[in-house]
Amino acid sequence: MLQIPHILISAEFDSFQLGQDGLQLPYSPSENEFADEFGDQMHRVFEGLMANMGDKHITFYSQPCYNHAISMGSSYFTSATSNGMTLNDAVRTFLGNPLQSQDLTEYCEVGFDACTASGTFCPSLSTAW
């Protein structure tokens, strides 16, 4: 367990991990169900970590998006949660006060297809990965 302040960053629908699980776009109905369950598990893991962090100083950032490694491109500055928080904003917030634990997460309540494919929360799939 890390003992120093840190930021944990992960997409709710991590495109790399879902690809490693054998899913390929466009997803079939059963693959959509798998992606929904994957996102739900990500949400539960983050909630569990936040509930048990004790005196650890952790900032959590997650978007309900189908992406991976957005820090490698312009999405770092442009892809945002519904309240406008980009990964760049989250890192700046963390660096501004690394001793404050923060929950900067947003989760999809209506499923992979509605949150990602329709662009409800995220850039279109063609630009998100």
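This report concerns the structure included in the present document. None of these values were measured; they are calculated from a predicted model.

### Comments concerning the sheet that holds strand 1 (residues 6-9)
Read from one edge to the other, the open sheet built from three strands follows the order 1-3-5, with strand pairing classed as parallel. Two strands close off the open sheet at either side, each with one partner strand: strand 1 and strand 5 (102-105). Each strand of the sheet is rotated relative to its neighbour by a mean of 15 degrees, with strand direction disregarded. Pairing geometry for strand 3 (residues 58-62) and strand 5, over four bridges, is parallel. Counterpart to Tyr61 in the pairing with strand 5 is Leu104. Strands in contact with helix 2 (residues 29-51) are strand 1, strand 3 and strand 5; relative to strand 3, the strand with the most contacts, it is inclined by about 165 degrees. Strands strand 1, strand 3 and strand 5 of the sheet are contacted by helix 4 (residues 87-96), whose axis makes an angle of about 160 degrees with strand 1.

### Topic: the nonpolar core
A general trend in soluble globular proteins is that nonpolar side chains are found buried together. Of all hydrophobic cores here, the largest spans eleven residues; its members are Phe13, Leu18, Leu23, Tyr27, Ala35, Phe38, Met42, Tyr66, Cys108, Phe112 and Cys115. Sort the elements by how many residues they give to this core and helix 2 lands first, with three residues. Ignoring sequence-local partners within four residues, the contact set of Leu23 consists of Leu18, Glu31, Phe34 and Ala35. Counting eight residues, the second-largest nonpolar core is a separate cluster that includes Tyr61, Met85, Leu87 and Ala90.

Calculation rules
- Residues numbered from 1 in each chain as written.
- Predicted model: local features only at pLDDT ≥ 70, side-chain atom pairs only at ≥ 80, totals over all residues.
- Heavy atoms only, no water.
- Pairing = 2+ DSSP bridges.
- Helix = DSSP H or I, 4+ residues; strand = E, 2+ residues; numbered from the N terminus.
- Axes fitted to C-alpha atoms, helices over the stretch in contact; angles between N-to-C directions.
- Contact = heavy atoms within 4.5 Å.
- Core = buried A, V, L, I, M, F, W, Y, C linked by side-chain atoms within 4.5 Å.
- Buried < 20%, exposed > 50% of the residue type's maximum accessible area, 1.4 Å probe, protein only.

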